[in-house]
Amino acid sequence: LGRLAVFVGVDRVGASVNSAVISTRPLFASLLAVLALGETVTLSTVAGIVVLVGGLAVLALSRGGDVTGWQPRDLLFPLAAAAAFAVGNVARKFGLGAFADITLLEAVALNEFGAMVALAAYAAVAGRGDVFDAPRRTYAYFAGSGTLTAGALLSLFAALQVGRVVVVDPLAATAPLFTTVFAAVLLRDIERVTPRLVAGAVLIVAGVVLVVVDPSSLL
């Protein structure tokens, strides 16, 4: 469900803004981690998440993203993706903790099998028998995207296996930093990168530092 929302979000608002809004995920994930997993959140972590979300707000109001423009209501799609991914990360952390004998590869394989079943069900209900009729010239792009996603999932599962959701999730939310750079370099004709986008990225970095670094360790 999150991935479906991601694709719609990229189409509506552009990759840079979509990625930024999806990175509100730590808010959902931290709340779920505290309520469902009994994890604790330090004052520094809270401050970091607040700063990170402030950066996301600056990005969202930056007049950047898709050069054709977009409506505020279009942000509902990346927000829905953020909520879905947050629930997924908490479920992954619970599964990795409850079943110590499962390997990372097995966990990722089961995760992707569940995604395939959900997408197949959606295609069946929506009557979309044309899912494989996409132009062949697009195959390489999306196959490459899927390969990168698989690598990202392996890294994410490894991080969740050894770390806390309230730390891992905000770190994973630094995606806008990379997306902004890639959009500026590779998507010049269809994405607009403004000074506010850059300012938002800087705030995100500051938020991540607050999340990761324990102030007491610096004293």
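As shown above, the structure is provided for reference.
Quick summary incoming for the structure in this document. (Residues numbered from 1 in each chain as written. Predicted model: local features only at pLDDT ≥ 70, side-chain atom pairs only at ≥ 80, totals over all residues. Heavy atoms only, no water.)

**Thoughts on the overall build of the chain**
Here comes step 1: The secondary structure content of the chain amounts to 10 helices and two strands.
Here comes step 2: For the chain, the sequential pattern of α-helices and β-strands runs α-α-α-α-β-α-α-α-α-α-β-α.
Here comes step 3: Here the chain has a C-alpha radius of gyration of 18 Å; the compact-globule value for 219 residues is 17 Å, and the two agree.
Here comes step 4: In terms of its C-alpha atoms, the chain occupies a principal-axis envelope of roughly 60 × 45 × 25 Å.
Here comes step 5: Out of the 219 residues belonging to the chain, those deemed buried represent 35%.
Here comes step 6: Positive and negative side-chain charges of the chain, numbering 14 and 13 respectively, have mean locations separated by a distance of 7 Å. (Helix = DSSP H or I, 4+ residues; strand = E, 2+ residues; numbered from the N terminus. Rg over C-alpha atoms; globule rule 2.2 N^0.38 Å. Buried < 20%, exposed > 50% of the residue type's maximum accessible area, 1.4 Å probe, protein only. Lys, Arg positive; Asp, Glu negative; His and termini not counted. Charge placed at Lys NZ, Arg CZ, Asp CG, Glu CD.)

**Side note on the packing of aromatic side chains**
Here comes step 1: Taken as a whole, this structure holds one aromatic pair when the rule is applied.
Here comes step 2: Here Phe 7 and Phe 142 contribute two aromatic rings whose centre-to-centre distance is 6.1 Å and whose plane-to-plane angle is 35°, an arrangement assigned as tilted. Residue Phe 7 is found in helix H1 (residues 2-13), and its partner Phe 142 is found in helix H7 (residues 139-162); the two are separated by 135 residues along the sequence. (Phe/Tyr/Trp six-rings, centres within 6.5 Å; stacked < 30°, edge-to-face > 60°.)

**Concerning the nonpolar core**
Here comes step 1: Grouped together as the largest cluster of nonpolar side chains are 13 residues, with contacts concentrated most on Leu 96, Leu 153, Leu 156, Phe 157, Leu 160 and Val 165.
Here comes step 2: Going through the elements one at a time, helix H3 (25-37), helix H5 (76-98), helix H6 (104-125), H7 and helix H8 (165-172) are the ones with two or more residues in this core.
Here comes step 3: Leaving out residues up to four positions away in the same chain, Leu 160 has contacts with Asn 89, Arg 92, Lys 93, Leu 96, Val 165 and Val 168.
Here comes step 4: One finds Ala 20, Leu 52, Leu 56 and Val 208 within the second-largest nonpolar core, a separate group that totals seven residues. (Core = buried A, V, L, I, M, F, W, Y, C linked by side-chain atoms within 4.5 Å. Contact = heavy atoms within 4.5 Å.)

**Thoughts on a nonpolar patch on the surface**
Here comes step 1: Taken together, the side chains of Leu 31, Val 34, Leu 35, Val 41, Leu 43, Val 46 and Val 50 make up a nonpolar region of the molecular surface, amounting to roughly 650 Å² of accessible area.
Here comes step 2: Counting only elements with at least two residues in the nonpolar patch, the list comes to H3 and helix H4 (43-60).
Here comes step 3: Tracing the backbone shows Val 41 in the loop between H3 and H4. (Patch = residues over 30% accessible without salt bridge, like charges linked within 9 Å, V, L, I, M, F, W, Y side chains within 5 Å. Areas by Shrake-Rupley, 256 points an atom, 1.4 Å probe, with all protein chains shown as cover. Salt bridge = Lys/Arg side-chain N within 4 Å of Asp/Glu carboxyl O.)

**Section: the packing of helix H2 (residues 15-22) against H5**
Here comes step 1: Across the interface, H2 lies against H5 with an axial gap of 8 Å and an inter-helix angle of 40°. Classed by the angle they form, the pair H2 and H5 counts as oblique. Handedness of the H2/H5 crossing: right-handed. Contacts from Asn 18, Val 21 and Ile 22 of H2 reach H5 at Pro 78, Leu 79, Ala 81, Ala 82 and Phe 85.
Here comes step 2: Residue composition of the contact of H2 with H5, grouped by class: seven nonpolar, one polar and no charged. (Axes fitted to C-alpha atoms, helices over the stretch in contact; angles between N-to-C directions. Parallel < 35°, antiparallel > 145°, perpendicular 65-115°, else oblique. Left-handed = near helix turned anticlockwise from the far one by under 90°. Nonpolar A, V, L, I, M, F, W, Y, C, P; charged D, E, K, R; others polar.)

**Side note on H4**
Here comes step 1: Between its first and last C-alpha atoms H4 spans 26 Å; for 18 residues at 1.5 Å apiece the expected length is 26 Å, and the two agree.
Here comes step 2: Those residues of H4 that sit buried are Ser 44, Thr 45, Gly 48, Ile 49, Leu 52, Gly 55, Leu 56, Leu 59 and Ala 60. In an axial view of H4, the angular spread of the buried residues amounts to 150°, which keeps them on one side of the axis. For H4, exposure combined with an orientation more than 90 degrees from the buried face picks out Leu 43 and Val 50. (Expected span 1.5 Å × (residues − 1). Arc of directions from axis to C-beta.)

**Let's talk about the environment of Ala 159**
Here comes step 1: Mapping Ala 159 onto the fold places it in helix H7.
Here comes step 2: Looking at Ala 159, the relative accessible area reads 27%, which means it is partly exposed.
Here comes step 3: In the structure, Ala 159 is positioned 27 residues away from Leu 186 in sequence and 29 Å away in space, judged by C-alpha atoms.

**Focus on the pattern of salt bridges**
Here comes step 1: All told, the structure shown has two salt bridges when counted by the stated rule.
Here comes step 2: Note that Arg 3 is salt-bridged to Glu 112, the shortest N-O span being 2.8 Å. Here Arg 3 is found in helix H1, whereas its partner Glu 112 is found in helix H6, with 109 residues between them in sequence.
Here comes step 3: By relative accessible area, which is 27% here, Glu 112 ends up partly exposed.
Here comes step 4: Its salt-bridge partner being Arg 12, residue Asp 74 comes within 3.0 Å of it at the nearest N-O pair. Here Asp 74, found in the loop between strand E1 (65-66) and H5, pairs with Arg 12, found in helix H1; they are 62 residues apart in sequence, far enough to count as distant.
Here comes step 5: Judged by relative accessible area, Asp 74 falls into the buried class, the value being 8%.

**Comments concerning the environment of Ala 158**
Here comes step 1: Looking at the element boundaries, Ala 158 is found in helix H7.
Here comes step 2: Relative accessible area serves as the criterion here: at 29%, Ala 158 is assigned to the partly exposed category.
Here comes step 3: Here the alpha-carbon distance between Ala 158 and Thr 147, two residues 11 residues apart in the chain, equals 17 Å.

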